[in-house]
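Here's the letter readout for the chains.
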Amino acid sequence: MIRRTYEFLMRKIKGNYYKVNKDKSVRIIKTVKIVNPQNVTIGHDTYINGNTFLIAGENSKIIIGNNCLIAERVHIRTTTHKYMKKDVLIRKQGHEEKNIIIGNDVWVGFGAQIMAGVKINDGAVIGAGAIVTKDVEEYAIVAGVPAKTIKYRQ
């Protein structure tokens, strides 16, 4: 799978930075918030709809393939809180970072959440509102909380 990193302009709107793609084959609606854009790679002919969050950690990456559709209010985050030590406040335990990889021809439905460390393989469909906590097979259609395979594309 060939990946291209596109040049982006950073635009400040209401105190937040947004990544605006110079390449016309990728559409990112201006209400998309991207954190650490240097760690985000987006393939060609991909569309990312409004009010979506792409939050890459300082040491982790979000890689989105070609020909993907990302619906509104999707949340993709490579970081999560550490929480296992009961004698330490959660907010003082720091964060863990894991890459997120989304293959080619993937559709992520409205309001879905993709958790740290997940790989979504080519052709998968993520149902609206799903919370994806585990890798998704090629051409699988997943839905629910946590997301489970309900069938496969034919």
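This is a predicted model, so every value here is computed, not measured. (Residues numbered from 1 in each chain as written. Predicted model: local features only at pLDDT ≥ 70, side-chain atom pairs only at ≥ 80, totals over all residues. Heavy atoms only, no water.)

(A) Inspection of the nonpolar core at higher detail. Ile114, Ile120 and Ile126 are the most contacted members of the largest nonpolar core, which totals 31 residues. Of all the secondary-structure elements, those providing two or more residues to this core are strand E5 (40-42), strand E8 (62-64), strand E13 (100-102) and strand E19 (140-143). Those residues in contact with Ile114 that sit more than four places away from it in its chain are His75, Ile76, Arg77, Ile100, Val108, Ile120, Ile126 and Val132. (Core = buried A, V, L, I, M, F, W, Y, C linked by side-chain atoms within 4.5 Å. Buried < 20%, exposed > 50% of the residue type's maximum accessible area, 1.4 Å probe, protein only. Helix = DSSP H or I, 4+ residues; strand = E, 2+ residues; numbered from the N terminus. Contact = heavy atoms within 4.5 Å.)

(B) Quick peek at the pattern of salt bridges. Applying the stated criterion to the full structure yields 2 salt bridges. Across the pair Glu96 and Lys98 runs a salt bridge whose closest N-O atoms are separated by 3.9 Å. Glu96 gets classed as partly exposed once you look at its relative accessible area, which sits at 37%. Taking the shortest distance from any N to any O, the salt bridge between Arg153 and Asp105 comes out at 3.1 Å. Of this pair, Arg153 sits in the segment after strand E20 (148-152) while Asp105 is found in the loop between E13 and strand E14 (107-108), placing the two residues 48 residues apart along the sequence. When its relative accessible area of 37% is taken as the criterion, Arg153 is described as partly exposed. (Salt bridge = Lys/Arg side-chain N within 4 Å of Asp/Glu carboxyl O.)

(C) Just the side chain of Asn39, in detail. Positionally, Asn39 belongs in the loop between strand E4 (33-35) and E5. For Asn39, a relative accessible area of 9% corresponds to the buried category. When neighbours within four sequence positions are excluded, Asn39 is seen to be in contact with Ala56, Gly57, Glu58, Asn59, Ser60, Lys61 and Ile62.

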